[in-house]
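# Residue-level structural notes
Here is how the chains run, residue by residue.
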Amino acid sequence: MSETITRPAILILLGPPGAGKGTQARMLEERFGLVQLSTGDLLRAAVAAGTEAGRAAKAVMEAGDLVSDGIVLAILKDRMAEPDTAKGVILDGFPRTPGQAEALDDLLAAQGQKIDAAISIEVDDAAMVARVSGRYTCADCGEGYHDEFKQPVTAGTCDKCGGTTFNRRADDNAETVGARLTAYHASTAPLIAYYEARGVLRTVDGMSAIDAIAGALGEIVTQVTA
Ligand code: ADP
Ligand code: ADP
Ligand code: ZN
């Protein structure tokens, strides 16, 4: 059962590929009943479905570059219009450019909402290649694992759902991670100052253990919704 929060929060998780955004967003979703909204997941679903946006995004994603703001914003707005987001959202991997951050502010303002916290998960670039290269997820429930850092209790069986099929992302290889880190520093890292100037920036140490980070994030959620 999830803990009660007094009002729906709007949280952003900022951090480079491998920082732990997806892992932590799923834990916050379970603990607080918030809804994880990952533009990476939405884009991969569009690619798999072969939609027009998906066809345009596929090669860009495989190269480790950022998909255009126009495509990402259209997908994000559709998802934000679904009723479950009224429970509060954890934006995972969005915004990733100043243009996206401004568009999000406008979208929220039009609904009388605002960002409660933009949380930067601080990590060492050098460690991110190993994080991303060892990542895999359960094909049935999406739970994330790592070859070294987060193995299922029973090898080959998902802890959450018992599934035995796992996926690795096409872009999770050492070559593409370099391009993704470059894109992060060029386009996304400036958002740290953007949110600091708006008084909503928080930081957590992303090099610590998964549960320790979850504890720090839980405290932030509890504070901003008090
Ligand atoms: P992101 O969504 O930011 O790209 P993920 O949450 O998918 O990152 O994490 C990347 C990989 O690193 C996954 O395989 C995950 O199991 C693992 N991981 C996540 N957080 C940590 C951590 N604090 N320490 C070690 N490994 C981690
Ligand atoms: P990670 O944080 O592990 O790098 P994501 O799943 O968030 O991965 O993103 C995977 C890819 O999808 C990115 O490298 C990029 O091509 C695309 N993408 C996801 N979210 C965005 C976004 N907000 N803006 C532009 N491109 C995005
Ligand atoms: Zn599973």
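Located above this text is the structure these notes cover.
Presented here is an overview of the structure given in this document. (Residues numbered from 1 in each chain as written. Chains lettered and ligands numbered in written order. Predicted model: local features only at pLDDT ≥ 70, side-chain atom pairs only at ≥ 80, totals over all residues. Heavy atoms only, no water.)

### Comments concerning the sheet that holds strand S6 (residues 144-146)
Stated formally: The pairing criterion is simple: DSSP has to find at least two bridges between the two strands. Only DSSP runs of H or I reaching four residues or more are called helices, and only runs of E reaching two or more are called strands; each is numbered from the N terminus.
What the 3 strands build is an open sheet, ordered S6-S5-S7; its pairing is antiparallel. Each having just a single partner strand, S6 and strand S7 (166-167) make up the two edges of the open sheet. Pairing between strand S5 (residues 135-138) and S7: 2 bridges, direction antiparallel. Across the sheet, residue Thr 137 finds its bridge partner in S7, namely Asn 167.

### With respect to the site of ligand 2
So the rule is basically this: When we say a residue is near a molecule or strand, we mean one of its heavy atoms is within 4 Å of it. Pairs of N or O atoms within 3.5 Å make up the polar contacts considered here, provided that, within protein, one atom can donate a hydrogen while the other can accept it, and that residues adjacent in sequence are counted only when both atoms are side-chain atoms. Computed with a 1.4 Å probe, the accessible areas rest on the Shrake-Rupley method; for each residue, only the protein chains presented here act as cover. Gly counts as polar in this scheme, as do all residues outside two lists: the nonpolar Ala, Val, Leu, Ile, Met, Phe, Trp, Tyr, Cys and Pro, and the charged Asp, Glu, Lys and Arg.
Around ligand 2 lies a shell of 19 residues, among which Lys 21, Thr 39, Arg 44, Asp 65 and Gln 100 are the nearest. Contacts to ligand 2 include Arg 96, whose side-chain N or O atom sits 2.9 Å from an oxygen atom. With the chains in place, 97% of the 550 Å² that ligand 2 exposes on its own is no longer accessible. By residue number, the principal contributor to the shell around ligand 2 is helix H2 (residues 39-49), which donates 4 residues. Counted by class, the shell around ligand 2 contains 7 nonpolar, 4 polar and 8 charged residues.

### Details of the pattern of salt bridges
The following threshold applies: Between Lys or Arg on one side and Asp or Glu on the other, a salt bridge is scored when a side-chain nitrogen of the former is within 4 Å of a carboxyl oxygen of the latter.
Tallied over the full model, the rule gives 15 salt bridges. In this structure, the salt-bridge partner of Arg 135 is Asp 172, at a minimum N-O distance of 2.7 Å. Residue Arg 135 is located in strand S5, and its partner Asp 172 is located in the loop between S7 and helix H7 (174-188); the two are separated by 37 residues in the primary sequence. Across the salt bridge formed by Asp 147 and Arg 168, the nearest N and O atoms sit 2.9 Å from each other. Placement of the pair is Asp 147 in the loop between S6 and S7 and Arg 168 in the loop between S7 and H7, with a sequence separation of 21 residues. In this structure, a network of salt bridges that share partners links the residues Arg 135, Arg 169, Asp 171, Asp 172 and Arg 180.

### Comments concerning the site of ligand 1
In the vicinity of ligand 1 there are 19 residues, among which Gly 18, Lys 21, Thr 23, Arg 135 and Tyr 145 approach most closely. Between ligand 1 and Ala 19 there is a distance of 3.2 Å, counted from an oxygen atom to a backbone nitrogen or oxygen. Here an oxygen atom of ligand 1 and a side-chain polar atom of Thr 23 are 2.5 Å apart. Surface burial for ligand 1 is 91%, taken as the share of its 560 Å² of free accessible area covered by protein chains. Every element with two or more residues in the shell around ligand 1 is listed here: helix H1 (21-32), S6 and helix H9 (210-224). Looking at the shell around ligand 1 element by element, the count peaks at 3 residues for H1. Residues that form the shell around ligand 1 fall into these classes: 8 nonpolar, 7 polar and 4 charged.

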